Amino acid sequence: MASLNSIFSIFTPKNKIFYGFFEALADKIIVMSTRLKEMVSETDLDKHREILKAIENLEHECDHITHTIFTELGRNFITPFDREDIHYLGSAMDDVADYIYSSAKKITAYRINTNEEGVNRLADLILQGSEAMRDAVYALREMKDMRKITESLVRINAVENEGDDMFDTSIDRLFEIENDYKMLIKRRELYQSLETATDKLEDVANVVESIVIKYA
Amino acid sequence: MASLNSIFSIFTPKNKIFYGFFEALADKIIVMSTRLKEMVSETDLDKHREILKAIENLEHECDHITHTIFTELGRNFITPFDREDIHYLGSAMDDVADYIYSSAKKITAYRINTNEEGVNRLADLILQGSEAMRDAVYALREMKDMRKITESLVRINAVENEGDDMFDTSIDRLFEIENDYKMLIKRRELYQSLETATDKLEDVANVVESIVIKYA
Amino acid sequence: MASLNSIFSIFTPKNKIFYGFFEALADKIIVMSTRLKEMVSETDLDKHREILKAIENLEHECDHITHTIFTELGRNFITPFDREDIHYLGSAMDDVADYIYSSAKKITAYRINTNEEGVNRLADLILQGSEAMRDAVYALREMKDMRKITESLVRINAVENEGDDMFDTSIDRLFEIENDYKMLIKRRELYQSLETATDKLEDVANVVESIVIKYA
């Protein structure tokens, strides 16, 4: 007996499967951002380890989806938008997941005290940006509500700008107040990883914009 | 009454507009490199802040032009050379601008004493490489003077090679003489940012070369 | 009288030359990895300098081959597989060579004591990954033995995964035991460079996989 999955796929034109992959990636990234925000508001190391494990599993699932996007791209002759755009969008979304995971790993391995404005604000921004990214990615399927897509991209750009400023402020302050060189190096790595996650969200916004321009 | 701009654009075939964008980017990068060189020869913090503000504005203008290149790429079906090459050239030139701005920001925020050989030589090299880049980019429009383009690309490669050596020497010396760990980390970041600017100039040279090979 | 080389090239269809370039790159990277492994098992500085010189020469040869790949790509209208894949494969292989060279340069310039588990294990992994990369690249020419290609790609992925873990363990241990901040920064740079070499090997595996999917 055919599985539900294969029955479903009979009714899904081959070139439509990409939307589902991007939507699944967006959903997982939202969960990862939510867990990261939860992690930075916690101080208990066991709780950090537990959340890290969950984020790690989600990151592996994202890797798996991205890999499937790339292999399906080789198998499908017809794609809903330019092959390079599908490749770039998959890569950029996977990079967002990578930097969220990398940030969570640093917090846990380095036992960083996250009770500090910069870390919390950057984790907030990553969640906000991920939500805007999800809205933009889900809107690609119908490609109708241009106002909504544009508004989501503007939100992501605002997140990236504020991320840059928060990063600069945090690093300046870190050099001022941190007098343990090991902790200074560790915290600087964390800020960079968090800020790079917001950069990668902007990369996603740029790919979505270029898709919209060509196909709308 | 139509503006001068729109009258001008009537007479500009749509696929020719890209040359103007790349030339405008090249011009702005020359000004940025010139201001950076001025900054490193200065020691006054107020002057640094004033120059940083000017470089920041130029960097925003470069962002705006690059963004326009990408959106026009979505709208134009006919382009003067391969779409990917236009995309790569815009990205690489924008990266040069980003690293000049990032270097200026570090000098100012970290109050780095720039009265030192490595910083001055790297700023010189960025200006020389930017001038060679401008010559190469302006020569793309007519694609006639191949000797001139080749000579510009050779100059950029020489700049990148000397940049690498200057970077290695500066880092070795930094580890030898700098005994304040905060300043060591800050100066290392600055050298990396300056050296990356010369790497990005080489990326521009590589794209120009691949365009020339295909279309000459 | 025509040289052997030009007689050979008469019988080589223009679109077949790319295989030879990739095979030559793979061979040189194997030698570089072997020399790097030799370097980390040595403690004598003169020996380090001698090996570095050899690795530097090989890196320049890789640069030259990669540059030839890109220029031939502009000249050849027919290619054995997608132009972008040839470009990506050349870039990724050149990046592997760059990070091996960069690691050897850091060991020598920073006089790093390489008698340590992390450095040795990462150098081992780079050699193992390079061997698997060579097997995969040589199999592209006939594109017959799919089992062999797949098995090589699996080996590269295992190398990258173990590289990640070894890197995390090494950095944690470094922060624990290293109390000279200069040496901490230097060793951290070395671990990053070694680990990035394994990442670039994975990039090669990803390009090979996407070529295989499309053309097998």
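A quick note: this is a predicted structure, and the numbers were derived from the prediction, not measured. (Residues numbered from 1 in each chain as written. Chains lettered and ligands numbered in written order. Predicted model: local features only at pLDDT ≥ 70, side-chain atom pairs only at ≥ 80, totals over all residues.)

Hey, could you go over the relation of the copies chain A and chain C for me, with residue numbers and the actual values?
Note on the identical chains: chain A maps onto chain C by a rotation of 120 degrees and an axial translation of 0.0 Å, with an RMSD of 0.0 Å. Such values leave the two copies arranged in the relation of a three-fold axis. For chain A, the residue whose C-alpha comes nearest the rotation axis is Tyr181(A), separated from it by 4.2 Å. (Least-squares fit on C-alpha atoms with pLDDT ≥ 70 in both.)

Outline the interface of chain C and chain B, listing residues and values.
Between chain C and chain B, the residue contacts involve seven residues of the former and seven residues of the latter. Secondary structure elements with two or more residues in the side of chain C that touches chain B: helix H3 (45-75) and helix H7 (181-215) of chain C. Of the residues in the side of chain C that touches chain B, the class split is three nonpolar, two polar and two charged. (Contact = placed C-beta atoms within 7 Å. Helix = DSSP H or I, 4+ residues; strand = E, 2+ residues; numbered from the N terminus. Nonpolar A, V, L, I, M, F, W, Y, C, P; charged D, E, K, R; others polar.)

Now, about unusual backbone geometry: what can you tell me, with residues and values included?
Leaving glycine aside, a negative phi is the common case for residues, and trans is the common case for peptide bonds. Residue and element names in this part refer to chain A. The phi dihedral of Met 143 is positive, around 50 degrees, even though this residue is not glycine. Along the chain, Met 143 turns up in the loop between helix H5 (117-139) and helix H6 (146-177). For Met 143, a count of 14 C-beta atoms within 10 Å translates into the label partly exposed. (Buried ≥ 20, exposed ≤ 12 C-beta atoms within 10 Å, placed from the backbone.)

Which residues make up the packing of H5(A) against H6(A), and what are the values?
Residue and element names in this part refer to chain A. At a minimum axis separation of 9 Å, H5 and H6 run at an interaxial angle of 160 degrees. Compared by their axis directions, H5 and H6 come out roughly antiparallel. The interaxial crossing formed by H5 with H6 has left-handed handedness. Contact residues: H5 offers Gly 118, Arg 121, Leu 122, Leu 125, Gln 128, Gly 129, Ala 132, Met 133, Asp 135, Ala 136 and Ala 139, while H6 offers Lys 148, Ile 149, Ser 152, Leu 153, Arg 155, Ile 156, Val 159, Glu 162, Gly 163, Met 166, Thr 169 and Ser 170. Each residue belonging to the contact of H5 with H6 can be placed in one class, and the counts come to 11 nonpolar, seven polar and five charged. (Axes fitted to C-alpha atoms, helices over the stretch in contact; angles between N-to-C directions. Parallel < 35°, antiparallel > 145°, perpendicular 65-115°, else oblique. Left-handed = near helix turned anticlockwise from the far one by under 90°.)

How would you sum up the environment of Arg188(A)? Please name residues and give values.
Residues and elements named next belong to chain A. Within the fold, Arg 188 resides in helix H7 (residues 181-215). Residue classification places Arg 188 among the partly exposed residues on the basis of 17 C-beta atoms within 10 Å. Spatially, the C-alpha atom of Arg 188 lies 6.8 Å from that of Ile 171, the residues being 17 residues apart in sequence. Apart from the residues within four sequence positions on either side, Arg 188 is in contact with Ile 171 and Leu 174.

Tell me about the interface of chain A and chain C, and please be specific about residues and values.
Every contact between the two is made by seven residues of chain A and, on the other side, seven residues of chain C. If you list the elements that add at least two residues to the side of chain A that touches chain C, you get helix H3 (45-75) and H7 of chain A. Of the residues forming the side of chain A that touches chain C, the biggest block, four residues, is contributed by H3(A).

How would you explain the packing of helix H6 (residues 146-177) of chain B against helix H7 (residues 181-215) of chain B if you had to name every residue and give the values?
All names here are of chain B. Packing of H6 against H7 leaves a shortest axis separation of 9 Å and a crossing angle of 160 degrees. Viewed along their axes, H6 and H7 adopt a mutual orientation that is roughly antiparallel. In the crossing of H6 with H7, the sense of the turn from one axis to the other is left-handed. Class assignment of the residues belonging to the contact of H6 with H7 gives a composition of 13 nonpolar, four polar and eight charged.

Describe the environment of Tyr99(A), listing the residues and the values that go with them.
Residues and elements named next belong to chain A. Of note, Tyr 99 is situated in helix H4 (residues 83-109). For Tyr 99, a count of 22 C-beta atoms within 10 Å gives the class buried. Along the backbone, Tyr 99 and Leu 194 are 95 residues apart, and their C-alpha atoms lie at a distance of 6.8 Å. Setting aside chain neighbours within four positions, we find Tyr 99 in contact with Ser 193, Thr 196, Ala 197 and Lys 200.

Tell me about the confidence of the model for chain A, residues and numbers included.
Residues and elements named next belong to chain A. Looking at chain A as a whole, its pLDDT mean stands at 92, while 93% of the residues score no less than 70. Low pLDDT, under 50, characterises residues 1-5; the predicted model gives this stretch one contact beyond four residues in sequence or across chains. Predicted complex metrics record ipTM = 0.87 and pTM = 0.91. (pLDDT = per-residue confidence, 0-100.)

An account of the relation of the copies chain C and chain B is needed here, citing residue identities and associated values.
Relative to chain B, chain C is turned by 120 degrees and slid 0.0 Å along the rotation axis, the superposed coordinates differing by an RMSD of 0.0 Å. The share of interface residues of chain C whose copies in chain B are also at the interface is only 14%, consistent with the copies meeting through different surfaces.

Any chance you could break down the environment of Leu89(B) for me, citing the residues and the numbers?
With respect to the helices and strands, Leu89(B) occurs in helix H4 (residues 83-109). Between the alpha carbons of Leu89(B) and Val207(B) there is a distance of 6.0 Å; along the sequence they are 118 residues apart.

Requested: an account of H4(A), with residues and values cited.
Taking 1.5 Å as the rise per residue, H4(A) with 27 residues should run 39 Å; its terminal C-alpha atoms sit 38 Å apart, in good agreement. A positive backbone phi angle near 45 degrees is found at Arg111(A), which sits one or two residues after H4(A). (Expected span 1.5 Å × (residues − 1).)

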